[in-house]
Amino acid sequence: MASTTDDDRERVVVVPDLTGLDVAGAHDVALDGGVLAVEHPRPGEDPPQRCVLEQEPRAGAVVMFGSTVRMWTGPPPGDDGGGGGGGLRPVGPGPVVTGGRR
């Protein structure tokens, strides 16, 4: 168990912005910023790729070193979780106009 000095107990950090990051990336950024990120998935959702949709405390807040940042996760915005090609469909050629009137 690590010992804590008076200086460590008074150390404060600024909460990094985790929104929009994938879960693994958010954990890394949080640890690099001196806080611990705890994931709270949205109820009923377990998409294969999750990103941080919200966090508390908000980015820029000043907290004690080692504080917990709660992050609510779900599918990336605009992703319905169904996969596919992003909703684009191939478009056939338009009408072909040849020659003119005589």
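If you're wondering where the values come from, they're calculated on a predicted model, not measured in any experiment.

(A) Here's a closer look at the nonpolar core. Grouped together as the largest cluster of nonpolar side chains are 13 residues, with contacts concentrated most on L18, V35 and M71. The set of elements that each furnish at least two residues to this core consists of helix 2 (23-32) and strand 5 (68-74). Here this core gets three residues from one element, more than from any other, and that element is helix 2. Setting aside residues no more than four positions away along its own chain, V35 makes contact with V13, P16, A30, V63, S67 and V69.

(B) The side chain of T73, seen in detail. Considering the arrangement of structural elements, one finds T73 in strand 5. The buried category is assigned to T73, whose relative accessible area is 1%. Side chain to side chain, T73 and E39 meet in a polar contact 2.8 Å long.

Parameters and conventions
Residues numbered from 1 in each chain as written. Predicted model: local features only at pLDDT ≥ 70, side-chain atom pairs only at ≥ 80, totals over all residues. Heavy atoms only, no water. Core = buried A, V, L, I, M, F, W, Y, C linked by side-chain atoms within 4.5 Å. Buried < 20%, exposed > 50% of the residue type's maximum accessible area, 1.4 Å probe, protein only. Helix = DSSP H or I, 4+ residues; strand = E, 2+ residues; numbered from the N terminus. Contact = heavy atoms within 4.5 Å. Polar contact = N/O pair within 3.5 Å; in protein donor to acceptor, adjacent residues only side chain to side chain.

Bear in mind that shape data such as this cannot, by itself, settle questions of function.
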